[in-house]
Amino acid sequence: MGGVCMKKLIMKNKFLLISIIMLLVMSIIDIHLSFQALENSGKQILSMLMIVPPIFVLIGLFDVWVPRETIIALMGEGSKTRGMFLAFFLGAFSAGPTLVAFPLAMLMLKKGAKYTNVIFFLMVWSSLKIPIVFYQITTLGIQFSLIINVTMLIVFVLSSLMVDRLFSKEEKASFVAQANEYSK
Amino acid sequence: MSIETYIIYGLAILLLVVSSIKDKNKTKKGLKKALKSFMKLMPVLIPLFLFVGILLTLITPSFISSILGENSGFLGYVIGMSIGSITFMSPFVAYPLGLELLENGAAYPQVAGLLVTLMSVGLVYFAMESKFFNKKAAIYRNVISFIGAILVVIVVWVVYV
């Protein structure tokens with residue numbers, strides 16, 4: 001029993017443990033490396049904490065104001081192309097790191113959006129955010145950016161449409177159950 | 001703070017005001033939910049960002065440009081895409097790095113592979129997604145994005161080389 005508990009604890013905190021081990025090794029090699037790492041981590045955490053609060057306020061308001069029926073109609077099982085378009089716009093006109101998209105994805109599931117649209121939303125958020133695309137065009141040029149974004153968009157659309165074949169009803173239901181649990 | 005941060009703060013404040021004029025109780029409930037899911041997410045996010053900070057110390061833009069240069073060939077693709085898949089970088093760091101790599105003689109397809117995997121494939125995303133959905137969902141989305149990256153490399157190769 002004790003072993004199982006221990007293993008669970010380790011698995012639950014694996015990123016913390018890996019980080020501590022890496023910091024220790026880095027300290028042995030060069031203590032300044034560890035200081036630099038902690039400074040970087042601090043900066044990362046701080047910039048995350050700056051962007052996250054308004055997003056959570058929006059998520060909270062979304063949760064209380066938008067009725068489940070609306071999301072089912074717009075992005076649910078019967079929503080087809082319109083649901084995909086909406087998922088695209090939500091993902092593309094967004095701000096913040098991809099990690100913040102997950103709570104929003106959970107809320108969409110809870111309100112009755114289908115998994116195809118939710119996974120498409122996550123993919124668009126990760127790679128095709130409009131402000132980032134503009135920035136990409138100014139740094140890398142329009143042709144290079146166009147190739148990257150159009151190719152990824154096609155891959156994302158096709159792979160989102162394949163979701164219903166690859167994930168069983170039970171699996172999708174378990175995602176919704178987790179979503180309900182998360183935003184109780 | 002970037003412009004998008006200001007916009008999102010402005011939007012949140014605006015909607016908060018509208019919401020509390022319309023219904024105080026509902027607004028309170030919404031804020032409570034916001035706080036709750038924020039508190040649930042922090043124990044997951046903070047260790048992840050600690051890890052990201054350490055990774056960014058080891059895998060710096062100058063480290064990447066030292067291995068992805070002229071004549072790095074096929075190995076350059078493998079290394080670029082592996083680095084891109086493990087770590088994650090803000091686009092505001094990644095795209096100027098891409099430009100610098102191109103100026104230093106790295107091939108267009110290599111840079112495309114690095115940039116696409118940096119944005120859409122990552123250990124950090126994987127951890128988050130297996131927590132919120134499951135392992136299969138996490139594997140699926142990361143593998144799909146990796147396949148997308150390979151396709152991008154091929155298209156860029158056809159167009160530029």
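Residues numbered from 1 in each chain as written. Chains lettered and ligands numbered in written order. Predicted model: local features only at pLDDT ≥ 70, side-chain atom pairs only at ≥ 80, totals over all residues. Heavy atoms only, no water.

Brief notes about the interface of chain B and chain A
- At the interface, 76 residues of chain B touch 75 residues of chain A.
- Around 7000 Å² of area is buried between chain B and chain A when both sides are counted, 78% of it from carbon and sulfur atoms.
- Inspection of the region where chain B meets chain A yields 2 salt bridges.
- One salt bridge connects Lys33(B) with Asp63(A), and the closest N-O pair in it is separated by 3.4 Å.
- Taken together, the connections running from chain B to chain A amount to 16 residue pairs in polar contact (both at pLDDT 80 or more).
- Elements that contribute at least two residues to the side of chain B that touches chain A include exactly α1 (3-22), α2 (24-58), α5 (91-103), α6 (108-120), α7 (123-132) and α8 (135-160) of chain B.
- The dominant element in the side of chain B that touches chain A, judged by the number of residues it contributes, is α2(B), at 26 residues.
- Split into classes, the residues belonging to the side of chain B that touches chain A amount to 52 nonpolar, 12 polar and 12 charged. (Contact = heavy atoms within 4.5 Å. Buried area = accessible area lost by both parts, 1.4 Å probe. Salt bridge = Lys/Arg side-chain N within 4 Å of Asp/Glu carboxyl O. Polar contact = N/O pair within 3.5 Å; in protein donor to acceptor, adjacent residues only side chain to side chain. Helix = DSSP H or I, 4+ residues; strand = E, 2+ residues; numbered from the N terminus. Nonpolar A, V, L, I, M, F, W, Y, C, P; charged D, E, K, R; others polar.)

Examining the pattern of salt bridges
- All chains considered together, the criterion is met by 7 salt bridges over all chains.
- Lys136(B) serves as the salt-bridge partner of Glu171(A), at 3.0 Å between the closest nitrogen and oxygen. Linking Glu171(A) in helix α11 (residues 169-182) with Lys136(B) in helix α8, this pair reaches from one chain into another.
- A residue is classified by how much of its surface remains accessible, and Glu171(A), at 19% relative accessible area, is buried.
- Of the charged contacts, one joins Arg141(B) and Glu129(B) as a salt bridge, the two residues approaching to 2.8 Å between their closest N and O atoms. Of this pair, Arg141(B) sits in helix α8 while Glu129(B) sits in helix α7, and the two are 12 residues apart along the sequence.
- Residue Arg141(B) is classed as buried on the basis of its relative accessible area, which comes to 1%.
- One network of salt bridges, in which partners are shared, links Asp63(A), Lys110(A), Lys111(A) and Lys33(B). (Buried < 20%, exposed > 50% of the residue type's maximum accessible area, 1.4 Å probe, protein only.)

Quick word on the domain arrangement of chain A
- Segmentation of chain A into domains returns domain 1 (1-50) and domain 2 (66-182).
- A C-alpha centroid distance of 31 Å is found between domain 1 of chain A and domain 2 of chain A. (Domains from an automatic or database assignment.)

Observations regarding unusual backbone geometry
Residue and element names in this part refer to chain A.
- Of note, Lys-80 is a non-glycine position whose phi angle comes to about 50°, a positive value.
- Tracing the backbone shows Lys-80 in helix α5 (residues 80-92).
- For Lys-80, a relative accessible area of 59% puts it in the exposed group.

Some words on the environment of Gly30(B)
- Mapped onto the elements, Gly30(B) comes out in helix α2.
- Residues Gly30(B) and Arg141(B), 111 residues apart in the sequence, show an inter-C-alpha distance of 30 Å.
- With near-sequence residues (within four places) excluded, Gly30(B) lies in contact with Gly60(A) and Val64(A).

Let's talk about the nonpolar core
- Counting 99 residues, the largest nonpolar core has Tyr115(A), Phe121(A), Ile64(B), Met128(B) and Phe133(B) as the members making the most contacts within it.
- Ranked by the residues each element gives to this core, the list is headed by α2(B), at 12 residues.
- The two domains that each donate at least three residues to this core are domain 1 (1-50) and domain 2 (66-182) of chain A.
- Not counting the four nearest positions on each side in its chain, Phe121(A) is found in contact with Ala87(A), Leu90(A), Gly91(A), Ala101(A), Leu104(A), Ala105(A) and Met108(A). (Core = buried A, V, L, I, M, F, W, Y, C linked by side-chain atoms within 4.5 Å.)

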